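Understanding the architecture of this molecule
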Amino acid sequence: MPHCPSKNRDRVLALVLATVAVALFAWGAGLVHRPLPEDRPGGRLGELAGRAGCRATLEAEEAGHRLASCADGDERYVLVTFTGTGERNAWIADTLPDGAIYLAGTRWVAYGHPATVRSLHARLGGDIRTVGR
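We now turn to the structure provided with this report. (Residues numbered from 1 in each chain as written. Predicted model: local features only at pLDDT ≥ 70, side-chain atom pairs only at ≥ 80, totals over all residues. Heavy atoms only, no water.)

1. Side note on the nonpolar core
Tyr-77, Leu-79, Leu-103, Ala-110, Leu-120 and Leu-124 are the most contacted members of the largest nonpolar core, which has 15 residues in total. Of all the elements in the fold, those that place two or more residues in this core are helix H2 (44-52), strand S2 (65-72), strand S3 (75-82), strand S5 (108-112) and helix H4 (114-124). Top element by residues in this core is H2. It accounts for 4 residues. Discounting residues that sit within four places of it in the chain, Leu-120 has contacts with Ala-52, Tyr-77, Leu-103, Ala-110 and Gly-125. Counting 12 residues, the second-largest nonpolar core is a separate cluster that includes Ala-60, Val-80, Leu-96 and Ala-104. (Core = buried A, V, L, I, M, F, W, Y, C linked by side-chain atoms within 4.5 Å. Buried < 20%, exposed > 50% of the residue type's maximum accessible area, 1.4 Å probe, protein only. Helix = DSSP H or I, 4+ residues; strand = E, 2+ residues; numbered from the N terminus. Contact = heavy atoms within 4.5 Å.)

Structure below.
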């Protein structure tokens, strides 16, 4: 094993610690994209609303899903989180009209005016989809 003088070792250690500190700060400040925690059972609706940048009002909490209405300036839309993809797919089939454009994650949906859905895509990720029966 090569010998590393203590001054060099201290510099390397300081550089590594500084790099880790900067990375943690960037991640915590949202400067680094963090995927939504699809598989965590609680708190996803609040996180989704926060990422969307809206003031969410909880409208419904039923077995299998939670629904909130959101207002972000003039944009109005709905965010829904689900306990699983089966519940998500059933809600889409039962609720959204044929031809509706929506944004879907593994266990969440955002629905509103098509232009709003497109702008949410940049903030939330997911897939833009169209209901087709």
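Next comes the rest of the write-up.
2. Concerning the packing of aromatic side chains
What the rule picks out here adds up to 1 aromatic pair. Measuring from centroid to centroid gives 5.8 Å for Phe-82 and Trp-91, while their planes differ by 55°, and the two rings are tilted. Residue classification places Phe-82 among the buried residues on the basis of a relative accessible area of 2%. On the basis of relative accessibility, which here comes to 11%, the residue Trp-91 falls in the buried class. (Phe/Tyr/Trp six-rings, centres within 6.5 Å; stacked < 30°, edge-to-face > 60°.)

3. So, the state of the cysteines
Under the definition given, this model contains 1 disulfide. Here Cys-54 engages in a disulfide with Cys-70; their sulfurs sit 2.3 Å apart. Placement of the pair is Cys-54 in the loop between H2 and strand S1 (55-62) and Cys-70 in strand S2, with a sequence separation of 16 residues. For the residue pair Cys-54 and Cys-70, the accessibility class agrees, reading buried in each case. (Disulfide = S-S within 2.5 Å.)

4. Thoughts on the pairing of S1
Summarising the sheet, S1 and S2 pair through 7 bridges and their orientation is antiparallel. The residue of S2 that forms the bridge with Thr-57 is Ser-69. The turn joining S1 and S2, which pair antiparallel and follow one another in sequence, is formed by 2 residues; a positive phi near 100° is taken by Gly-64. (Pairing = 2+ DSSP bridges.)

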